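# Remarks on the overall topology
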Amino acid sequence: MDQIAVFDLGSSKVAAIAATFDESGEMKILATFESPSKGVKKGAIVDLEETQRAISACIRGLNDDLGESPTSVWITVGGSNIDSQMVRGMQPIVPNTRP
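Quick look at the structure, then. (Residues numbered from 1 in each chain as written. Predicted model: local features only at pLDDT ≥ 70, side-chain atom pairs only at ≥ 80, totals over all residues. Heavy atoms only, no water.)

### Things to note about the environment of A18
Relative to the helices and strands, A18 resides in strand β2 (residues 13-21). Judged by its relative accessible area of 0%, A18 is buried. Residues A18 and S72, 54 residues apart in the sequence, show an inter-C-alpha distance of 9.6 Å. Discounting residues that sit within four places of it in the chain, A18 has contacts with I4, A5, K28, I29, L30, A31, L62 and L66. (Helix = DSSP H or I, 4+ residues; strand = E, 2+ residues; numbered from the N terminus. Buried < 20%, exposed > 50% of the residue type's maximum accessible area, 1.4 Å probe, protein only. Contact = heavy atoms within 4.5 Å.)

Dropping the structure here:
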């Protein structure tokens with residue numbers, strides 16, 4: 001069964017939840033985890049290493065509870081200065097043939 005993980009990057013913590021959906025569409029929460037973080041302020045990452053540490057702690061916590069990695073991940077960030085734009089890009093994937 002597909003498992004999704006949702007990470008909320010907040011100003012005081014990173015919170016994570018893992019869930020799955022049954023045949024009727026009912027959500028079943030499988031695991032939750034949170035880690036304190038000071039890496040995000042008003043929706044902007046101000047300390048990348050601190051944010052990465054908190055996200056990594058949540059990933060480890062969920063994986064420990066689940067026994068495996070989720071198949072999908074969603075990230076949420078809130079703030080009054082959040083903006084988005086549509087961008088199209090392409091990155092070629094080449095096998096690593098270098099020794």
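### Quick look at the sheet that holds β2
Taking strand neighbours across the sheet as the criterion, the 4 strands line up as β3-β2-β1-β6 in an open arrangement whose pairing is mixed. The open sheet terminates on both sides in strands that have one partner only, identified here as β3 (27-36) and β6 (72-77). Direction aside, the axes of adjacent strands within the sheet are offset by 20 degrees on average. In this structure, β2 lies alongside β3, joined through 9 bridges in antiparallel fashion. Note on β3: the bridge partner recorded for T20 is K28. (Pairing = 2+ DSSP bridges. Axes fitted to C-alpha atoms, helices over the stretch in contact; angles between N-to-C directions.)

All quantities given are derived from atomic positions and should not be read as evidence of function.
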